[in-house]
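Structural overview for review
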Amino acid sequence: MTTRQRGKKTVVVKADEIAPATAPPMTGLEPALTWFRERGWTPHDFQLRAWEAYLAGRDGLVNAPTGSGKTLAVWMGPLLESLAKPEADEGLKILWITPLRALAGDTLGSLKAAAEGISLGGRRVDWRIEMRTGDTASSTKKRQREKPPHALVTTPESTALLLTYPEIVRQLGSLRAVIVDEWHELLSTKRGVQLELCLSRLRTLAPGLRTWGLSATLGNLGQAMEVLVGPKAAATVGDESGPALVRQAVSRPIEIRTLVPRDIERFPWAGHLGIRLLPQVIEAMESAGTSLLFTNTRSQTEIWYQSIIRARPDLIGQIALHHGSLDRELRTWVENALRDGRVRGVVCTSSLDLGVDFAPVDQVIQIGSPKGIGRLLQRAGRSGHRPGAVSRLVCVPTNALELVEFAAAQDAVKLGAVEPRYPVRMALDVLVQHMVAVAIGTGEAGVSPEELLAEARATHAFAGMTDEAFAWCMDFACRGGPALTAYPQYARIVPVVTATGAVVPARFKIASDRLALVHRQSIGTILSDSSMTVRLGTGVGMGGGKVLGTIEEGFISRLTVGDTFSFAGRLVQLVKVREMTAWVQPAKRKSGRVPSWQGGRMPLSSLLATAIRRRLDDAEQGRFEGAEMEAVEPLLRVQMQWSHLPRTGVLLIEHTTTREGHHVFVYPMEGRLVHEGLAALVAYRIAAGSPRSFSLAAGDHGFNLATPDELHLDEPAWRRLLSTERLAEDLLLCLNAAQLARRQFREIARVAGLVVPGFPGAPKRTRHVQASSDLFFDVLSEFDAGNMLLAQSAREVLDRQLEVDRMREALERLATQRIEITRPERLTPFAFPLWADSLREQLSSEKWTDRVQRMLVRLETAAGGEAAGG
DNA sequence: GACCTGCTGCGGGATG
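Anyway, here's the lowdown on the structure attached to this text.

Criteria and cut-off values
- Residues numbered from 1 in each chain as written.
- Chains lettered and ligands numbered in written order.
- Predicted model: local features only at pLDDT ≥ 70, side-chain atom pairs only at ≥ 80, totals over all residues.
- Heavy atoms only, no water.
- Helix = DSSP H or I, 4+ residues; strand = E, 2+ residues; numbered from the N terminus.
- Rg over C-alpha atoms; globule rule 2.2 N^0.38 Å.
- Buried < 20%, exposed > 50% of the residue type's maximum accessible area, 1.4 Å probe, protein only.
- Contact = heavy atoms within 4.5 Å.
- Areas by Shrake-Rupley, 256 points an atom, 1.4 Å probe, with all protein chains shown as cover.
- Lys, Arg positive; Asp, Glu negative; His and termini not counted.
- Charge placed at Lys NZ, Arg CZ, Asp CG, Glu CD.
- Arc of directions from axis to C-beta.
- Near = heavy atom within 4 Å.
- Polar contact = N/O pair within 3.5 Å; in protein donor to acceptor, adjacent residues only side chain to side chain.
- Nonpolar A, V, L, I, M, F, W, Y, C, P; charged D, E, K, R; others polar.
- Patch = residues over 30% accessible without salt bridge, like charges linked within 9 Å, V, L, I, M, F, W, Y side chains within 5 Å.
- Salt bridge = Lys/Arg side-chain N within 4 Å of Asp/Glu carboxyl O.
- Axes fitted to C-alpha atoms, helices over the stretch in contact; angles between N-to-C directions.
- Parallel < 35°, antiparallel > 145°, perpendicular 65-115°, else oblique.
- Core = buried A, V, L, I, M, F, W, Y, C linked by side-chain atoms within 4.5 Å.
- Pairing = 2+ DSSP bridges.
- Right-handed = clockwise from strand over helix to strand, strands pointing away.
- Disulfide = S-S within 2.5 Å.
- Phe/Tyr/Trp six-rings, centres within 6.5 Å; stacked < 30°, edge-to-face > 60°.
- Lys NZ or Arg CZ within 6 Å of the ring centre and 35° of its normal.

Observations regarding the overall build of chain A
- A count of helical and extended segments in chain A gives 31 helices and 29 strands.
- Here the C-alpha radius of gyration of chain A, 29 Å, is about what a compact globule of 870 residues would show, namely 29 Å.
- For chain A, the C-alpha atoms occupy an extent of roughly 90 × 70 × 65 Å along the three principal directions.
- Relative to its full complement of 870 residues, chain A shows a buried share of 55%.
- When contacts within chain A are restricted to residue pairs at least 6 apart in sequence, those whose partners lie at least 24 apart make up 73%.
- Looking at chain A as shown, the accessible area adds up to about 36,200 Å², and 53% of this sits on carbon and sulfur atoms.
- In chain A, 105 side chains carry a positive charge and 96 a negative one; their mean positions are 5 Å apart.

Focus on helix H17 (residues 449–457)
- Burial in H17 covers these residues: Pro 449, Leu 452, Leu 453, Glu 455 and Ala 456. Along the axis of H17, the buried positions cluster into a sector of 165°, meaning they face one direction only.

Quick look at the protein's contact with DNA strand B
- For DNA strand B, the set of nearby residues contains 49 residues, the closest of which are Tyr 165, Thr 349, Gly 599, Arg 672 and Arg 840.
- In DNA strand B, atoms within 4 Å of the protein come from the sugar-phosphate backbone in 60% of cases.
- Between DNA strand B and Ser 299, the relevant distance is 3.4 Å, taken from a phosphate oxygen to a side-chain nitrogen or oxygen of the residue.
- Interatomic distance of 2.7 Å between a backbone N/O atom of Gly 324 and a phosphate oxygen of DNA strand B.
- Elements supplying a minimum of two residues to the surface near DNA strand B: helix H5 (138–146), helix H6 (156–162), helix H12 (298–311), helix H19 (513–521) and helix H31 (845–869).
- Here the surface near DNA strand B is composed, by residue class, of 11 nonpolar, 24 polar and 14 charged.

So, a negative patch on the surface
- A contiguous patch of negative charge on the surface is contributed by Asp 799, Asp 805, Glu 809 and Glu 812.
- For the negative patch, the element with the most residues is helix H29 (residues 804–815), which contributes three residues.
- What makes Asp 805 partly exposed here is its relative accessible area of 48%.

Re the environment of Arg 176
- Positionally, Arg 176 belongs in the loop between helix H7 (166–169) and strand S9 (177–180).
- By relative accessible area, which is 14% here, Arg 176 ends up buried.
- The spacing of Arg 176 and Gly 208 is 32 residues in sequence and 7.2 Å in space, taken between C-alpha atoms.
- For Arg 176, the side chain forms a polar contact with the side chain of Glu 81, separated by 3.4 Å.

Notes on unusual backbone geometry
- Positive phi, close to 60°, is recorded for Met 669, a residue that is not glycine.
- Along the chain, the position of Met 669 falls in the loop between strand S26 (661–667) and helix H23 (672–689).
- Phi is positive for Glu 803, close to 45°, though the residue is something other than glycine.
- Position of Glu 803 among the secondary structure elements: in the loop between helix H28 (788–801) and H29.

Details of the environment of Thr 485
- Relative to the helices and strands, Thr 485 is located in the loop between helix H18 (467–479) and strand S18 (493–497).
- C-alpha separation for the pair Thr 485 and Leu 856, spaced 371 residues apart in sequence, amounts to 63 Å.

Brief notes about the packing of helix H11 (residues 278–286) against H12
- It is at 11 Å that the axes of H11 and H12 come closest, and there the two elements cross at 80°. As the angle between them shows, H11 and H12 are arranged roughly perpendicular. Residues Leu 278, Val 281, Ile 282 and Met 285 of H11 lie in contact with H12, whose contacting residues are Trp 304, Ser 307, Ile 308 and Ala 311.
- Residues that form the contact of H11 with H12 fall into these classes: seven nonpolar, one polar and no charged.

Comments concerning the nonpolar core
- Counting 108 residues, the largest nonpolar core has Leu 636 and Phe 832 as the members making the most contacts within it.
- It is helix H15 (residues 401–415) that provides the largest number of residues to this core, a total of nine residues.
- When near neighbours in sequence (up to four residues on either side) are disregarded, Phe 832 contacts Trp 269, Ala 270, Leu 827, Val 852, Met 855, Leu 856 and Leu 859.

Considerations on the pairing of strand S7 (residues 129–132)
- Bridging between S7 and strand S8 (residues 151–154) involves four bridges; their strand directions are parallel. Paired with Ile 129 across the bridge in S8 is Ala 151.
- Between the parallel pair S7 and S8, the chain is carried across by H5, and the sense of this crossover is right-handed.

A look at the state of the cysteines
- In total, this model carries zero disulfides according to the counting rule given.
- Free of any disulfide, Cys 198 has its nearest neighbouring cysteine sulfur in Cys 473, separated by 16 Å.

Digging into the pattern of salt bridges
- One pass over the full model with this rule turns up 51 salt bridges.
- The shortest N-O distance in the salt bridge between Glu 38 and Arg 39 comes to 3.7 Å.
- In this structure, the salt-bridge partner of Arg 806 is Glu 803, at a minimum N-O distance of 3.4 Å.
- What makes Arg 806 buried here is its relative accessible area of 11%.
- Linked by salt bridges that have partners in common, Lys 190, Asp 429, Glu 747, Glu 796 and Arg 800 make up one network.

Thoughts on the packing of aromatic side chains
- Counted according to the given criterion, the structure contains 15 aromatic pairs.
- Ring centres of Phe 36 and Trp 41 lie 6.1 Å apart, and the angle between their planes is 70°; this geometry places the pair in the edge-to-face category.
- Look at Phe 36 and you get buried, because its relative accessible area is 3%.
- We classify Trp 41 as partly exposed; its relative accessible area is 49%.
- With 5.9 Å between their ring centres and 90° between their planes, Tyr 490 and Phe 776 make a pair best called edge-to-face. Residue Tyr 490 is found in the loop between H18 and S18, and its partner Phe 776 is found in helix H27 (residues 766–783); the two are separated by 286 residues along the sequence.
- Taking the relative accessible area as the measure of exposure, Tyr 490 reaches 9% and is therefore buried.
- Taking relative accessible area as the criterion, Phe 776 reaches 13% and is therefore assigned buried.
- Through successive ring pairs, a cluster of aromatic residues spans Trp 35, Phe 36, Trp 41 and Trp 51.
- The ring of Trp 35 has Arg 39 lying over it, and the distance from NZ or CZ to the ring centre is 3.9 Å.

Let's talk about the environment of Gln 641
- Positionally, Gln 641 belongs in helix H22 (residues 626–642).
- When its relative accessible area of 45% is taken as the criterion, Gln 641 is described as partly exposed.
- Put simply, Gln 641 and Val 180 are 461 residues apart on the chain and 54 Å apart in space, counted from C-alpha to C-alpha.

What to know about the sheet that holds strand S28 (residues 703–707)
- The five strands are arranged S27-S28-S26-S25-S29 in an open sheet whose pairing can be described as mixed. Each edge of the open sheet is held by one strand with a lone partner, namely strand S27 (695–698) and strand S29 (818–822). Between one strand axis and the next, the sheet turns by 15° as a mean value, whatever way the strands run.
- Bridging between S27 and S28 involves four bridges; their strand directions are antiparallel. Counterpart to Ala 698 in the pairing with S28 is Phe 703.
- On the sheet, helix H30 (residues 831–840) packs against strand S25 (650–658), S26, S27 and S28 and is oriented at approximately 125° with respect to S26.

Structure below.
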């Protein structure tokens, strides 16, 4: 469904077919219809269906794009119900949960406005609607505990905290519905698991509680709904009274175009910065009112911001930058400026993927690979936030192969395909935290293990939990397991003792007020990384200046006093480092280093990889459709001439010799994490036969093994190396799994309450938390090997850091594919980025740049000759 | 003289 519009492609996203509203609207909907009529609006079909389902007492999940009125789809139901039954208007009735503090205030406003505007026979909804997050004043929090509002907008963490106050828990019987906003953001995380447990607890406290969610499109929406409503309700999917999946049929149209380099001959084969297209990006910015420029890393935002203002000093003050390591005050300033239309552009990371909608944004510029279709759509949707407006997305390739990626991404968008997100299971650390929280919230009466187990099993995350695993968690909460029995701080829950001194062994409560306090303050599943505060000023006397943000210790430690670096869009000079603060002053020099942060590494999604393979299949057949493919055609032809194209049904392997040695390039196209694992696995399996040394490199398209001597590997040898047999065992052996697991254990130790963060106001140095969690890992490994949290950390390493399921699927797929082994004389366009990457580990950056440049010139010359000759 | 991939998110409470 593609139409041409002034040379740009307009992609109309086709949503799934849905049944039209069958019966005429229920009479109970009249106040909502009036509410819409008064505003000159017509309700969408999906809103009507959501209200009907709510009034029929069903759970549900609404899938609709932002700006479509999805908030009203789930908010009108409770309002209509209240108008119909005003007698039941006491106590906390609605809990609205949002993953972002920043969303709470805006949501509160919309909820209040709708509640104030709706009426039936002159009667209005007379509700107190409030919000509560970590930022809420403690006096307000106290008042909310004594007299809860009728509706509360809060976060998953604050919901968990609510459950620790006996006075609130006693009042929760009045709760009628929980609404979870942006459920897709929580689904595949431990925050989601924590919320599943809280929902299960709330269902015990308020039988008949309804659960509704709001979600962006996912590949597994049905599963997303089942996880949200819990296994019991999920079993009734398809029944008339079962949970309802309500989808908005029409999405906002997206207009996508790619900035195609004017001179593809001189466009880099490798790299991810993309600064080469700076002039075209500035041109694109000037053609629109306000732009968001998304980059994939924080350091990239700093570099792009500096580059833009260096090229166009007149834009100073009109553009800004935004990422997760900037101080919140600065970020809020930028967000407000964006909302008011005071800035022309903001260079940002995923920090602006979600959150408050900025009406003035009319174009999104994506620099580099989006890695997945979901992310691309999410970002595109940040623009055109006005009724009837179109989302406009400009794709900026940072290397030649990304042209193929952007062409493929548009194919996937046209098909309406989006990645799935899978829920987390058996995160025992989260369960332990929850058990202690529930024990606190039940006060002197305590809670029984049976109740806790039943509630855990009523979640998707712990539906399959064994009695043994649960007993282990109880034991851990009671005494920290066998190894920590001597330490009272790990005897967190204790049997209830009656007034006559009799022990009630079947019920448990928190051991002390002190432990309750410590627990409340460490609720949550997000681990903050070790970082230093960057502050303007000299650090002498009382002259404490503005906080700019945070930076990693590793970066600061490589600087000496007087060094210049750019941060938060300024050039600053390091004055001194004290405690966990780096004091800086404005620098006189015009350029400096750019900090880098160690963050998550997002691999290319399977969906996008599949779409790329299809485009390469086309190319193999000589079809190069669209501006992106036309531009990259000469390069793909070089790849075909020197070797082959990686494509569907074929595993391409290239053996190439350079002056660094012998290289093997393998292209499974499964994303960075899988390739890292595969590279290590293959190297390990080769070395098991004949010991030798390797240097490894992995990217999103493939991996590279380099050796001093040539590897003689035929097809049967490759089949053995890529076998799924003993996969997990071999991976754990070859990847220094103990070290990875120990790292992963930091999060688990924090979530399970083995290590506690410092008191607010007197934060413990993050390094101390790390040191103690490392210590625990060692102690438990030695003295409590059966500790289930250790096993969990090994599991998480396989799942999260290696994507072992995806790797297994990839290997199974490879087993059915033809293997094509080529021996190109030179590095091919696909090999070049991997070669450059592997070189980086061996050389200083200066030499690296030189070497890469020289090689590039040679290859381009060769490629030019081939193209001219062919 | 040098950055040249590596994101995001939350969180206490009593007293003056």
